[in-house]
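# Understanding the architecture of this molecule
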Amino acid sequence: MMTALYLTGGVLLVVCGAGIGFLLARSEQNKWRTAHAFSRLLEYTGTSIRYKGCPADEVLAGAAIYPEFARLGLDQCLRFSEIPVPGVFGTAVCQELRENLLALETCGKDSACKTLESMILLCQPGEDMLRDHAHNAMRLYPRLGGCFGALAAILLI
């Protein structure tokens, strides 16, 4: 009876550790998804300005209806400077992105398209790094959590 209890407790610790690892990996994956959604928003904005000639409020209203941009919180944005820049890119890149979004409000169509292209290139290395990190975390964190759970079970016996 006591052995079955120890075995059940040990299995629960391993499963809980793996579950916590999975949740941490999902957190890393959400960071990448946010960065990817922001890059896609910049591409969508550039396309809307270049080919449709849409003003900021129309671009942002159109973007707000897409589910892929929902995580960016565009519901109340009417100007480019109101777009929340995700903090996943790092402080310096975020500051430069904010400045470029503010500059979009006063520049012409061609200049806006060039600015958006440079913003996409600025986001690309961070997005690639976050994607790789999320992929590695999804493979590693649940296993590592399971190992910590097994270690805890061994130490408690």
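Right above here is the structure, for reference.
An account of the accompanying structure is given in this report. (Residues numbered from 1 in each chain as written. Predicted model: local features only at pLDDT ≥ 70, side-chain atom pairs only at ≥ 80, totals over all residues. Heavy atoms only, no water.)

### Some thoughts on a nonpolar patch on the surface
On the surface, Leu-140, Leu-144, Phe-148, Leu-151 and Leu-155 cluster together into a nonpolar patch covering about 510 Å² of accessible area. You can see Leu-151 is positioned in helix α4 (residues 109-156). Take Leu-151: its relative accessible area is 43%, and that puts it in the partly exposed class. (Patch = residues over 30% accessible without salt bridge, like charges linked within 9 Å, V, L, I, M, F, W, Y side chains within 5 Å. Areas by Shrake-Rupley, 256 points an atom, 1.4 Å probe, with all protein chains shown as cover. Salt bridge = Lys/Arg side-chain N within 4 Å of Asp/Glu carboxyl O. Helix = DSSP H or I, 4+ residues; strand = E, 2+ residues; numbered from the N terminus. Buried < 20%, exposed > 50% of the residue type's maximum accessible area, 1.4 Å probe, protein only.)

### With respect to the state of the cysteines
Scanning all chains against the criterion turns up 0 disulfides. No disulfide involves Cys-16; its sulfur sits 15 Å from the nearest other cysteine sulfur, which is in Cys-147. Cys-107 supplies the cysteine sulfur nearest to Cys-113, a cysteine that is in no disulfide, at a spacing of 8.8 Å. (Disulfide = S-S within 2.5 Å.)

### Topic: helix α2 (residues 56-64)
Regarding α2, the residues found buried are Ala-56, Val-59, Leu-60, Gly-62 and Ala-63. Buried residues along α2 cover an arc of 160° about the axis, so they all sit on one side. On the buried face of α2, the contacting elements are α1 (2-52). (Arc of directions from axis to C-beta. Contact = heavy atoms within 4.5 Å.)

### Here we look at the environment of Ser-111
With respect to the helices and strands, Ser-111 occurs in helix α4. Residue Ser-111 is classed as partly exposed on the basis of its relative accessible area of 35%. In the structure, Ser-111 is positioned 64 residues away from Thr-47 in sequence and 13 Å away in space, judged by C-alpha atoms.

### Some points on the packing of α1 against α2
Interhelical geometry of α1 versus α2 gives an angle of 135° and a closest axis separation of 10 Å. With respect to each other, α1 and α2 are oriented oblique. You can see that α1 and α2 cross each other, and the crossing is right-handed. On α2, the residues touching Leu-41, Tyr-44, Thr-45, Ser-48 and Ile-49 of α1 are Val-59, Gly-62 and Ala-63. Looking at side-chain class alone, the contact of α1 with α2 contains 5 nonpolar, 3 polar and no charged residues. (Axes fitted to C-alpha atoms, helices over the stretch in contact; angles between N-to-C directions. Parallel < 35°, antiparallel > 145°, perpendicular 65-115°, else oblique. Left-handed = near helix turned anticlockwise from the far one by under 90°. Nonpolar A, V, L, I, M, F, W, Y, C, P; charged D, E, K, R; others polar.)

### Structural notes on the pattern of salt bridges
Evaluation of the coordinates by the stated rule reveals 7 salt bridges. With its nearest N and O atoms 3.0 Å apart, the salt bridge here joins Arg-50 to Glu-117. With a gap of 67 residues between them, Arg-50 in helix α1 and Glu-117 in helix α4 connect regions that are remote in the sequence. Using a relative accessible area of 33% as the deciding quantity, one classes Arg-50 as partly exposed. The class of Glu-117 is partly exposed, set by a relative accessible area of 40%.

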